[in-house]
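Observations on the three-dimensional arrangement
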Amino acid sequence: MNVLVFVETSEGKPRKTSLEAVAYAHLMGGAVTAIVLGGADANALQSIGKYGATKVLHADDPKLNEPVIQVYAEVLTKAMQDENADILVMAGSSLGTPVAAKISIKIGASFASNVVELPNTTAGFNVKRSIYTGKAFALVEMKKNKKVIAIKKNAAELKEVGTDVQVVNYPVSLKASDFNTKIISTEKATGDILLPEAEIVVSGGRGMKGPEHWGILENLAKALHAATGCSKPVSDMGWRPHHEHVGQTGVKVAPQLYIAIGISGAIQHLAGVNSSKCIVVINKDPDAPFFKAADYGIVGDAFEVLPKLTAAVLAAK
Amino acid sequence: MKILVCISHVPDTTSKIAFTENNTKFDTTGVQFIIGPYDDYALARAIELKEASGATVTVINVGLAETEPTIRKALAIGADDAIRVNAEPSDSFFVATQIAEHGKGYDLILMGRESIDYNSGVVHAMVGEMLGIPSISPVMKLDIEGTKVKMSKEIEGGKEQVEANMPLVAGCQEPIAEWKIPNMRGIMSARTKPLKVVEPTSAEQLVATQKYELPAPKGAVKMISAENVAELVTLLKTEAKVL
Ligand SMILES: Cc1cc2nc3c(=O)[nH]c(=O)nc-3n(C[C@H](O)[C@H](O)[C@H](O)COP(=O)(O)OP(=O)(O)OC[C@H]3O[C@@H](n4cnc5c(N)ncnc54)[C@H](O)[C@@H]3O)c2cc1C
Ligand SMILES: Nc1ncnc2c1ncn2[C@@H]1O[C@H](COP(=O)(O)O)[C@@H](O)[C@H]1O
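Because the structure is a prediction, the values reported are computed rather than measured.

Comments concerning the overall build of chain A
From N to C terminus, chain A includes eight helices and 17 strands. For a compact globule of 317 residues, the expected C-alpha radius of gyration is about 20 Å, and chain A comes in at 21 Å, within 12% of that figure. Counting only C-alpha atoms and orienting by the principal axes, one finds that chain A spans roughly 60 × 45 × 40 Å. By the burial criterion, 59% of the 317 residues in chain A qualify as buried. Sequence-distant contacts in chain A: of pairs separated by 6 or more residues, those separated by 24 or more amount to 65%. Of the roughly 12,000 Å² of accessible surface on chain A, a fraction of 51% belongs to carbon and sulfur atoms. Distance from the positive charge centre (33 side chains) to the negative charge centre (30 side chains) of chain A: 5 Å.

Here we look at the site of ligand 1
Taken together, 28 residues sit near ligand 1, with Lys 209, Ser 231, Ser 264, Gln 268 and Asn 283 of chain A positioned nearest. Residues close to ligand 1 are split across chains A and B. One of the side-chain N or O atoms of Ser 231 of chain A is found 2.6 Å from an oxygen atom in ligand 1. Here a nitrogen atom of ligand 1 sits 2.8 Å away from a polar atom, N or O, in the main chain of Val 246 of chain A. Alone, ligand 1 offers 1,000 Å² of accessible surface; in the complex the protein occludes 81% of this. Among the secondary structure elements, those contributing two or more residues to the shell around ligand 1 are helix 6 (232–236), helix 7 (267–270) and helix 8 (302–315) of chain A.

Some remarks on the site of ligand 2
Residue and element names in this part refer to chain B. Taken together, 19 residues lie near ligand 2, and Cys 6, Asp 39, Ser 115, Gly 121 and Val 122 sit nearest. Backbone polar atom of Ser 115 to an oxygen atom of ligand 2: 2.7 Å apart, as the coordinates give it. Taking 490 Å² as the accessible area of ligand 2 by itself, protein coverage stands at 95%. Those elements that place two or more of their residues in the shell around ligand 2 are strand 6 (56–62), helix 3 (92–102) and strand 8 (108–112). When its residues are assigned to classes, the shell around ligand 2 shows ten nonpolar, seven polar and two charged.

Let's talk about the packing of helix 4 (residues 96–107) of chain A against helix 4 (residues 123–131) of chain B
For the pair helix 4 of chain A and helix 4 of chain B, interaxial distance at closest approach is 8 Å and the crossing angle is 40°. With respect to their mutual orientation, helix 4 of chain A and helix 4 of chain B come out oblique. For the pair helix 4 of chain A and helix 4 of chain B, the crossing hand works out as right-handed. Taken together, the residues of helix 4 of chain B that come into contact with helix 4 of chain A (itself represented by Pro 98, Ala 101, Lys 102, Ser 104, Ile 105 and Lys 106 of chain A) are Ala 125, Met 126, Gly 128, Glu 129 and Met 130 of chain B. Its residues assigned to classes, the contact of helix 4 of chain A with helix 4 of chain B shows six nonpolar, two polar and three charged.

So, the sheet that holds strand 9 (residues 135–145) of chain B
The sheet built from ten strands is open, its strands ordered 12(A)-11(B)-10(B)-9(B)-12(B)-8(B)-1(B)-6(B)-7(B)-13(B) with mixed pairing. Edge positions in the sheet fall to strand 12 (181–188) of chain A together with strand 13 (195–198) of chain B, since each of these pairs with one other strand and no more. Strand-to-strand twist of the sheet, defined as the mean angle between neighbouring strand axes without regard to direction, takes the value 25°.

A word on the environment of Trp 179 of chain B
Residues and elements named next belong to chain B. Mapped onto the fold, Trp 179 is located in the loop between strand 12 (168–172) and helix 5 (184–190). The exposure class assigned to Trp 179 is partly exposed, which follows from its relative accessible area of 41%. For the pair Trp 179 and Met 126, spaced 53 residues apart in sequence, the C-alpha separation works out to 26 Å. In this structure, Trp 179 is in contact with Pro 37, Asp 40, Tyr 41 and Ala 44, ignoring residues within four places of it in sequence. At a separation of 3.1 Å, a polar atom in the side chain of Trp 179 contacts the main-chain carbonyl oxygen of Pro 37.

What to know about the pattern of salt bridges
Residues and elements named next belong to chain B. Tallied over the full model, the rule gives 32 salt bridges over all chains. A salt bridge links Lys 150 to Glu 145, with the nearest nitrogen and oxygen atoms 3.4 Å apart. Judged by its relative accessible area of 33%, Lys 150 is partly exposed. On the basis of relative accessibility, which here comes to 47%, the residue Glu 145 falls in the partly exposed class. Linking Glu 163 and Lys 148 is a salt bridge whose minimum nitrogen-to-oxygen distance equals 3.8 Å. Taken together, the residues Glu 163 in strand 11 (residues 158–165) and Lys 148 in strand 10 (residues 148–155) connect sequence positions 15 residues apart. Exposure remark for Lys 148: the relative accessible area of 35% places this residue in the partly exposed category. Because the salt bridges share partners, they merge into one network encompassing Arg 45, Glu 48, Lys 141, Asp 143 and Lys 180.

A word on unusual backbone geometry
The residue after Ser 137 of chain B, namely Pro 138 of chain B, is reached through a cis peptide bond having omega -10°. Checked against the element boundaries, Pro 138 of chain B lands in strand 9. Here the bond from Met 166 of chain B into Pro 167 of chain B is cis, since omega is 0°, no more than 30 degrees from zero. Mapped onto the elements of the fold, Pro 167 of chain B is located in the loop between strand 11 and strand 12. Positive phi values are uncommon outside glycine, yet Glu 11 of chain A reaches one of about 50°. Within the secondary structure layout, Glu 11 of chain A lies in the loop between strand 2 (9–10) and strand 3 (13–14). Look at Glu 21 of chain B: it is not a glycine, yet its phi comes out positive at around 50°. The topology assignment puts Glu 21 of chain B in the loop between strand 3 (19–20) and strand 4 (25–26). By relative accessible area, Glu 21 of chain B is classed as exposed at 55%.

Things to note about the interface of chain B and chain A
The partner chain A presents 83 residues to the 79 residues of chain B that form the contact. Carbon and sulfur atoms make up 57% of the area that chain B and chain A hide from each other, which totals about 6,800 Å². When the buried surface of chain B facing chain A is broken down by residue, Glu 129, Glu 156 and Lys 218 of chain B rank first, second and third, together holding 10% of it. At the surface where chain B touches chain A, the tally comes to nine salt bridges. Between Glu 114 of chain B and Lys 252 of chain A there is a salt bridge, and its shortest N-O distance comes to 3.4 Å. Where chain B touches chain A, the interface holds 39 residue pairs in polar contact (both at pLDDT 80 or more). Of all the elements in the fold, those that place two or more residues in the side of chain B that touches chain A are helix 1 (37–53), helix 4, strand 9, strand 10, strand 11, strand 14 (207–213), strand 15 (222–224) and helix 6 (229–238) of chain B. Of the residues belonging to the side of chain B that touches chain A, the class tally is 42 nonpolar, 17 polar and 20 charged.

Cut-offs applied
- Residues numbered from 1 in each chain as written.
- Chains lettered and ligands numbered in written order.
- Predicted model: local features only at pLDDT ≥ 70, side-chain atom pairs only at ≥ 80, totals over all residues.
- Heavy atoms only, no water.
- Helix = DSSP H or I, 4+ residues; strand = E, 2+ residues; numbered from the N terminus.
- Rg over C-alpha atoms; globule rule 2.2 N^0.38 Å.
- Buried < 20%, exposed > 50% of the residue type's maximum accessible area, 1.4 Å probe, protein only.
- Contact = heavy atoms within 4.5 Å.
- Areas by Shrake-Rupley, 256 points an atom, 1.4 Å probe, with all protein chains shown as cover.
- Lys, Arg positive; Asp, Glu negative; His and termini not counted.
- Charge placed at Lys NZ, Arg CZ, Asp CG, Glu CD.
- Near = heavy atom within 4 Å.
- Polar contact = N/O pair within 3.5 Å; in protein donor to acceptor, adjacent residues only side chain to side chain.
- Nonpolar A, V, L, I, M, F, W, Y, C, P; charged D, E, K, R; others polar.
- Axes fitted to C-alpha atoms, helices over the stretch in contact; angles between N-to-C directions.
- Parallel < 35°, antiparallel > 145°, perpendicular 65-115°, else oblique.
- Left-handed = near helix turned anticlockwise from the far one by under 90°.
- Pairing = 2+ DSSP bridges.
- Salt bridge = Lys/Arg side-chain N within 4 Å of Asp/Glu carboxyl O.
- Buried area = accessible area lost by both parts, 1.4 Å probe.

So, in structure tokens, the structure goes:
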């Protein structure tokens, strides 16, 4: 079974969720080839071998620096043919998921997104998907020989199983007609930890009272090396950028630790955080519904608890 | 200009999810169904475009007769007519096949970035691929300039400004438009607006749902005194092992 894994990069380095996709493919028991599109740090790409890839293809064409979904789908479809791959695996993302879906149509493959576990192959090829925004799972059988799988964060444990491997240049020929969308500009927070990938998230709600108070929340995030998130009203009011809004209609996170400060715990917010391993809730109202979904809780005023918590985190380092 | 808006018929966001028949069927007991929240944004933007430039707005849903109240609500919000493809929406490929079948001839096909039941986030990409036209998602802003559509698209940690020619498919999310609430006149006129029921075209079943599962229940919360936050840090390290 040959498996091709599409590895996304961020600032030239493989994304952690993409490395999980490599680990997933390896644990599935396939011969794993990874592919990277666009400019990237060649040294960083070698390390993809550590997670189970025996070959890393790098299509280092400047035209691929802009992630046009149509173009990526064409290149990966061709790579699947060249590598004789039966299965394509990637991390679900704003880029990966639509690319995966398009490829599944091009090659007539069975497709599953939001996959949370390794496949069960005792009878057929079955995967577990997260549905109803994390409130349930579906076990689905992927019937075709060709399969395209987009995994959710934490679907496979990231363990080093191999060593660095050679990066092979993978030349591509692109047609102008493939560029059916033009990316005019990109605005991206650099250096920050990406919210969907973060292992620790510190999130604030309306209880933070205003954007001018985010400094104390950011201090805690910095001490924990965490990403910051927020509730929907907070982004609706423009206190924080929209891409930080967590929940049913925002980002779904799956960190090791989610700390919610001044968030009541509405069901729509919980839908975005229910895959977190551990949830800490800080709220001045002992009856806030979020406590029912929490592992640890502190009843208290955010403006008093936050600085103390930051100090305690720093002291424990 | 002709706009097609794809709406899913999904449980209200506050619904408690449960299954019946040995975990093979969704339990609809006590569940209220709504237009998918993202699809509602797509519809709202379509109505704005209609009001600004006189477009026609058709809604399409793949679903059995029980989805008609949801479709009528979309008509009450301001869509001109509707198509219901009379079939159980078994998987994304099936739904996309039906939408692509009816989606030819539209300048814009707007839908939600994802459905809140299956959360696949892929029907737009599949429809775009099937029709050979661009698909962009999630779109937070969409403006038309001649035959060009200018959009702002969310990416992890930021956004992209993108441009493509019509026809195209867009998966929408806030703040593309404000959700619209039907008024009395809309509700009255929706009753007589055309709702065409068509039979599905056949599509191979590529994936089959075997069974559903609920997540393991959460243990009880451990409360820590606000006077003793250092204890929380210790517990996160030694007990939860997440620091
Ligand atoms: C279709 C739909 C989709 C939605 N999607 C989302 C979504 O994706 N994400 C989302 O977050 N919401 C979503 N919502 C909104 C959701 O229902 C809630 O309104 C929202 O989550 C509430 O945000 P909040 O907890 O910040 O504010 P509030 O509910 O106002 O809660 C503020 C909390 O702060 C506490 N507090 C106040 N002062 C302090 C203090 N000094 N110290 C400590 N605590 C304090 C209060 O006790 C309270 O619990 C959605 C709603 C709908 C209808
Ligand atoms: N049964 C359906 N009928 C019409 N449109 C649908 C249906 N299911 C999904 N869609 C549309 O496709 C979008 C993406 O759905 P999904 O790929 O399932 O997350 C939704 O937001 C809807 O706009």
